[in-house]
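What follows is the residue order along each chain.
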Amino acid sequence: MNSSLPRTILSTISPYSLAFKRQKLPISTRVSGPVSFPSISSIPSSQKPRIPLFLRPPIFTTSLSDLQKWQQWANNLALSVGSKFVDSDNGPDTNILCREVKWLLEDAVEDKSILCQLVSPENGKLVKLRADLDELYCLWKQRIEERRPFQYIVGCEHWRDLVLSVQEGVLIPRPETELIVDLVSGLVLEEEGLREGIWADLGTGSGAIAIGLARILGDGGRVIATDLSPIAVSIAAFNVKRYDLQDKVEIRQGSWFEPLEDVKGELAGVVSNPPYIPSSQIVGLQAEVGRYEPRLALDGGENGMDDLLHLCEAAALMLKPGGFFAFETNGEKQSKFLLDFMTQKLATNVHNLEAISDFCGIKRFVTGFRR
Amino acid sequence: MIMAQSISKWMRNPMVAVGTCSGFFVSLTARPRTLGLQIQVQTQIKAFSLKGGSSSSGGRDFLALSDEELSRQCEMDTFKASGPGGQHRNKRESAVRIKHLPTGIIAQAVEDRSQHMNRASALARLRTQLALKVRNAVDLNGYQPPLELLQILPAKSTMRGSDCGSQIGPNNPKFVLGMQALLDLMFAVNGSVSDAAKFLGLSTGALSRLILSDDSLRMAVNELRTSKGMRPLV
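Attention in this report is confined to the structure presented alongside it. The structure presented is a predicted model; accordingly, all values stated were derived computationally and were not measured. Numbers given for residues are sequential positions, taken from 1 along each chain in its written order. Each chain gets a letter, beginning with A, and each ligand a number, beginning with 1, in the order they are written. Reporting in this predicted model follows two pLDDT cut-offs: at least 70 for local features of residues, and 80 or more for side-chain atom pairs to be given and counted; totals over whole chains, interfaces and linings ignore these cut-offs and use all residues. Side-chain calculation: all heavy atoms of the structure are included, whereas hydrogens and water are not.

A closer look at the packing of aromatic side chains
Residues and elements named next belong to chain A.
Part 1 of the reasoning: For Phe, Tyr and Trp, rings pair up if their centres lie within 6.5 Å, where Trp contributes its six-membered ring, and each pair is then called stacked (planes under 30 degrees apart), edge-to-face (over 60) or tilted (otherwise). In total, this model carries seven aromatic pairs over all chains according to the counting rule given.
Part 2 of the reasoning: When the ring of Trp-73 is compared with that of Tyr-137, the centres are 4.6 Å apart and the planes differ by 50 degrees; the resulting orientation is tilted. Of this pair, Trp-73 sits in helix α4 (residues 64-81) while Tyr-137 sits in helix α7 (residues 133-145); the two residues are 64 residues apart in sequence, bridging distant segments of the chain.
Part 3 of the reasoning: For the exposure calls, accessible area comes from a 1.4 Å probe over protein chains only, and a residue counts as buried if that area is under 20% of its type's maximum, exposed if over 50%, partly exposed in between. Look at Trp-73 and you get partly exposed, because its relative accessible area is 25%.
Part 4 of the reasoning: For the ring pair Phe-325 and Phe-327, a centre distance of 5.4 Å and an interplane angle of 25 degrees mean the geometry is stacked. In DSSP terms, a helix is any run of H or I states spanning at least four residues, a strand is any run of E spanning at least two, and both are numbered starting from the N terminus.

Brief notes about the sheet that holds strand β7 (residues 249-253) of chain A
Residue and element names in this part refer to chain A.
Part 1 of the reasoning: Pairing between two strands requires that DSSP report at least two bridges joining them. With mixed pairing, seven strands are arranged side by side in an open sheet as β7-β6-β5-β8-β9-β11-β10. Two strands bound the open sheet, and with one partner strand each, they are β7 and β10 (350-357). Ignoring which end each strand starts from, the neighbouring axes of this sheet average 15 degrees apart.
Part 2 of the reasoning: Docked against the sheet, helix α14 (residues 306-318) engages β5 (198-202), β8 (267-272), β9 (319-328), β10 and β11 (363-370), running at close to 165 degrees with respect to β9.
Part 3 of the reasoning: Contacting β9, β10 and β11, helix α15 (residues 332-345) runs over the sheet at an angle of about 20 degrees to β11. Each axis is a line fitted through C-alpha atoms, taken for helices only over the stretch in contact, and angles between the N-to-C directions span 0 to 180 degrees. Residues count as neighbours in contact if any of their non-hydrogen atoms are within 4.5 Å of one another.

Brief notes about helix α6 (residues 94-108) of chain A
Since there are 3.6 residues in each turn of an α-helix, residues three or four apart along the chain are aligned in direction.
Residues and elements named next belong to chain A.
Part 1 of the reasoning: Expected span of a helix: the number of residues minus one, times 1.5 Å. With 15 residues, α6 ought to run about 21 Å at 1.5 Å a step, and its terminal C-alpha atoms sit 21 Å apart, in line with that.
Part 2 of the reasoning: Among the 15 residues that make up α6, 11 are buried, leaving the element largely enclosed by the rest of the structure.
Part 3 of the reasoning: Regarding α6, the residues found buried are Thr-94, Ile-96, Leu-97, Glu-100, Val-101, Trp-103, Leu-104, Leu-105, Glu-106, Asp-107 and Ala-108.
Part 4 of the reasoning: Along its buried surface, α6 packs onto α4, α5 (84-89), β2 (126-129), α7, α8 (150-154) and β3 (156-159).

Topic: α15(A)
Residue and element names in this part refer to chain A.
Part 1 of the reasoning: Given a rise of 1.5 Å per residue, 14 residues ought to cover 20 Å, and the 20 Å separating the end C-alpha atoms of α15 matches this to within 8%.
Part 2 of the reasoning: Burial in α15 covers these residues: Gln-334, Ser-335, Leu-338, Leu-339, Phe-341 and Met-342. All buried residues of α15 fall inside an arc of 160 degrees around its axis, so they share one side. Residues of α15 that are exposed and point more than 90 degrees away from the buried face comprise Glu-332, Lys-333, Lys-336 and Gln-344. Arc, as used here, means the arc of the directions from the helix axis to the C-beta atoms.

So, unusual backbone geometry
Residues and elements named next belong to chain A.
Part 1 of the reasoning: Phi is positive for Asn-90, which is not a glycine, with a value near 60 degrees.
Part 2 of the reasoning: Structurally, Asn-90 can be placed in the loop between α5 and α6.
Part 3 of the reasoning: Overall, the relative accessible area of 30% leaves Asn-90 in the partly exposed class.
Part 4 of the reasoning: One non-glycine residue, Arg-160, lies in the positive phi region at around 50 degrees.
Part 5 of the reasoning: Among the structural elements, Arg-160 can be located in the loop between β3 and β4 (162-165).
Part 6 of the reasoning: By relative accessible area, which is 10% here, Arg-160 ends up buried.

Some remarks on the packing of helix α6 (residues 175-188) of chain B against helix α9 (residues 215-227) of chain B
Residues and elements named next belong to chain B.
Part 1 of the reasoning: In the contact formed by α6 and α9, the axes pass within 11 Å of each other and the chain directions differ by 10 degrees. Classed by the angle they form, the pair α6 and α9 counts as roughly parallel. Here α6 runs over α9; the crossing is right-handed. Taking contact as the criterion, the partners of Phe-175, Met-179, Leu-182, Leu-183, Met-186 and Phe-187 in α6 are, on α9, Ser-216, Leu-217, Ala-220, Val-221 and Leu-224. Here roughly perpendicular refers to angles of 65 to 115 degrees, roughly parallel to angles under 35, roughly antiparallel to angles over 145, and oblique to all remaining angles. Should the near helix be turned anticlockwise from the far one by less than a right angle, the crossing is termed left-handed; should it be turned clockwise, right-handed.

Section: the nonpolar core
Part 1 of the reasoning: Within the largest apolar cluster, 112 residues are counted, with the highest numbers of intra-cluster contacts made by Leu136(A), Trp140(A), Trp199(A), Leu182(B) and Leu207(B).
Part 2 of the reasoning: Tallying contributions element by element places α6(B) first for this core, with eight residues.
Part 3 of the reasoning: Domain segmentation is taken from an automatic or database assignment of domains. Residues from two domains meet in this core; each of domain 1 (54-150) and domain 2 (175-370) of chain A gives at least three.
Part 4 of the reasoning: Buried Ala, Val, Leu, Ile, Met, Phe, Trp, Tyr and Cys residues form a nonpolar core when they are joined through side-chain atoms within 4.5 Å. Core analysis: the next-biggest nonpolar cluster, separate from the first, contains 38 residues, Leu171(A), Leu309(A), Phe327(A) and Ala355(A) among them.

Focus on the packing of α6(A) against α7(A)
All names here are of chain A.
Part 1 of the reasoning: Two elements in contact, α6 and α7, have axes separated by 12 Å at closest approach and are oriented at 150 degrees. Classified by the interaxial angle, the pair formed by α6 and α7 is roughly antiparallel. Once α6 is placed against α7, the crossing between them reads as right-handed. Every residue of α7 that contacts α6 at Leu-97, Glu-100, Val-101, Leu-104 and Ala-108 is listed here: Leu-136, Trp-140, Arg-143 and Ile-144.
Part 2 of the reasoning: Residue polarity follows a fixed list, in which Ala, Val, Leu, Ile, Met, Phe, Trp, Tyr, Cys and Pro are nonpolar, Asp, Glu, Lys and Arg are charged, and the others, Gly among them, are polar. For the contact of α6 with α7, the residue count by class is seven nonpolar, no polar and two charged.

Okay, here's the thing in structure tokens:
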């Protein structure tokens, strides 16, 4: 819808109104984009969280030698990939896939220490599994043949010191995003007003940032996490409960700041990893991302900044004086644009604006403070 | 705010932009103390002088730093930083490599499933490397073993007071500090275990057993002894 607007009009319309309209679109129109989804990626109809593999009860048994056969088969499948995925869309290579075989085994067995015996399995020795061996065959086939993301296969992602449940319909948290928690962690050590205040994580997805923040805030600090997607809300709630943070993290369903009217002007901090990929680049994404992850969490409109512009503008009103914000962006170009935008349009409300690099040296975050 | 700025400073200059150290190149793969985690460490230093520091104790200062302060002396990058990253990518490239700028020591951690955990592992590995590679001068006249060294000694050491607590083993993060002080002494006595044992109030055998209890400590001592034409400890 936005992409039909000529560029000149786009820049003269208030970003707030644009983003607002976009958020109001029914989810179905956002999801049914130009990308064709293979059957497996269809968003599950049930919004009940699936239990990640590593948390399932070890009720299956197989022989160590059968598990070894599975491992050899899985590694061979990974070897057959070679650099095929790298060449086609910068996907994973054999090395990464073989490492995933190891991690899949770690999540699947009851006792990890048995894995070192796979090299020369003792005759007749049995091993307890959290999934049937047939299911493991099926899962690894999906990984290689259909490029289903590893994290959806095992139902979790290791992020910071957390292990978060994820499934189709929820963005897999990225390593870059870990830095948002580091940025806030430095701040809250120094300022009590931020440490004991209310923080908002907008578009929380799996709840990663919200949970990361809740664990570094003071006793009085809490986090409100919002998401438009009902699946995200239920997965985030599952993860919050697993880390026993129900008293610290509240999850509200809705678009960006919409469910936060009651705390307007009171927020100590606002953080978000909103969709920022320009619509035109969705088609060329790595298969694991483009085919499987929710478009709602990736597609940032024509220039990728529909939501970011809205967030920057609204943050200036939602934060309390001295409040901090940090948003993840697509990189240098967006970060610079957003800093310029805020310097020109929002300078009376925000200051100390900065673009901060990720570990690859890409200007990944824009940060600043409410005056 | 101060913190945010310092973090951003630390994260700038991502790739190798610093002049490489001269000297020879050692490449070793070490088994870490953490189970199930393989870390490769490459060191690219032979000997270097610590320049510009107001204090001369150098290596001990590095180890006294908090993780955050130590991080600030490092540059860090993930591997294969190609493409736009972020939401575009799902490659589980959580590997971390840190380079300690004052010494040129590089530590890597690749096998953990989160970047955060790999970073913590790489920092721990860096501490071990600093203890192994950075030497502090020791004055043998009136030598008193520092507390961190006394703490890793067995209880039978006659130098050990009751205030040292129970012996700290290689699995304790504090062991690194004692290991550095022990290596400082070993270098001061030119690799002689019996000489060092006297300074520590231990029998030669007891000190040998302590040195052999940790792989990296044993390797460092043996490297020193070999360079002095002595038999390695086994």
